[in-house]
Amino acid sequence: MVKTTDRSQATRKIPIEGIDMLSLLGPNDQNLRLLETMFDCEAYIRAGEMVVIGEELAVLDMEGTLRRLIALVQTGRSFQASEIGEIVRSVREGEPYSGEVFETTHLYMTEKKKVIKPRGPGQRKYLQMIKKNDIVVGIGPAGTGKTYLAVAAAIDALNKKSVKRIILTRPAVEAGERLGFLPGDMQEKVDPYLRPLYDAFGDMLLPEKFHKYLENGTVEIAPIAFMRGRTLHDAFAILDEAQNTTRLQMKMFLTRLGVNSKAVVTGDKTQIDLPCQDLSGLLQVEEILKGIEGIDFVYFSDADVVRHSLVKDIIHAYQDKVDEEDKD
């Protein structure tokens, strides 16, 4: 019950008995201090309750955020500051809460004891479609988790023995530089293009297991040209940076799928580095594969960006510039 102290001030009390306070509040109460700053409210603990004081609407939003965080702690899972920001956003935007923020169906615990879960409706839908369909195409700006979540889903499928191997591939497109002028042999030349895929795996697997998977072929990371002529059985295949595949490359990749295989294609239509945008295989599949059962498209927007908060502003600024130039 909100106790109104004047026309704008309110007090809210939230029961916290039996809650792991370190998980909820963080070291030195840093989570609570963050929430106080975000909502411009004051909060303290008294007699088994969290007392929140401030402007009435802010107090209600802070209460909603705390109740969702408490629900997360009650499941035995921890959270990071970036996840608090996502929960705050969902509360402020009025997204209904019935446990879906912490949907266990789409949670992955890495070997490094890190919980990977969807942040926001865009990512939740993405993981739902990956589970439901054999081919999913994720399209949207940088920083929306398209590749990272696909890798998490692939590792989860491997751990559950739903597949026997994971194939990750990217086009080695010469965006501003030429492969022939880079130092080293062919593997050393293409490794920089594949580095983001290595980074995603490195964030989820212990180094020794990752290297073992690479050595025994359980995980393969290679340029898309290496996919030609193969059939991928019992595999989870991910094509990253698909906007830079040609139409023939895209067709070649999608037709590699064998028995008991799944494919996820990710790309950003605003970052095509091909000499002619019309050559992009991503643009073509968007036109011709919609409506086929077993294939689904998921679209991300700048609202789904989970990188540094400035990334959204940068995306907006570039889009505003493009819109301005289109008008000229």
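All chains use their own residue numbering, which begins from 1 and follows the written sequence. Local features in this predicted model are restricted to residues of pLDDT 70 or higher, and side-chain atom pairs are both shown and tallied only at a pLDDT of 80 or more, whereas totals for entire chains, interfaces and linings draw on every residue. By convention in this description, side-chain values take in all heavy atoms of the structure and omit both hydrogens and water.

## Considering helix α9 (residues 247-254)
To keep it simple, the criterion reads: The classification of residues rests on relative accessible area computed with a 1.4 Å probe and restricted to protein chains. Under 20% of the type maximum is buried, over 50% is exposed, and intermediate values are partly exposed. Counting from the N terminus, the helices are DSSP H or I runs at least four residues long and the strands are E runs at least two residues long. Whether two residues touch is decided by their heavy atoms; if any such pair falls within 4.5 Å, the residues are in contact.
By the burial criterion, the buried members of α9 are M250, M252, F253 and L254. Each element contacted by the buried residues of α9 is listed here: β7 (135-139), β8 (165-170), β10 (235-239), β11 (262-267) and α10 (281-288).

## What about the environment of M50?
Mapped onto the elements of the fold, M50 is located in strand β4 (residues 49-55). By relative accessible area, which is 1% here, M50 ends up buried. Spatially, the C-alpha atom of M50 lies 9.2 Å from that of L66, the residues being 16 residues apart in sequence. Setting aside chain neighbours within four positions, we find M50 in contact with R12, K13, I14, I16, L25, L32, A43, Y44, I45 and L66.

## Some details on the packing of aromatic side chains
What counts is decided by this rule: Two aromatic rings, drawn from Phe, Tyr or Trp (for Trp, its six-membered ring), form a pair once their centres lie within 6.5 Å of each other, and the interplanar angle then sorts them: stacked below 30 degrees, edge-to-face above 60, tilted otherwise. Whether a charge lies above a ring is judged from NZ of Lys or CZ of Arg, which has to be within 6 Å of the ring centre and within 35 degrees of the ring normal.
Under the definition given, this model contains 3 aromatic pairs. With a centroid separation of 5.3 Å and an interplanar angle of 5°, the aromatic rings of F201 and F210 are classed as stacked. Chaining the aromatic ring pairs together yields one cluster made of Y198, F201 and F210. A cation over a ring is seen here: K290 above F297, with NZ or CZ 5.8 Å from the ring centre.

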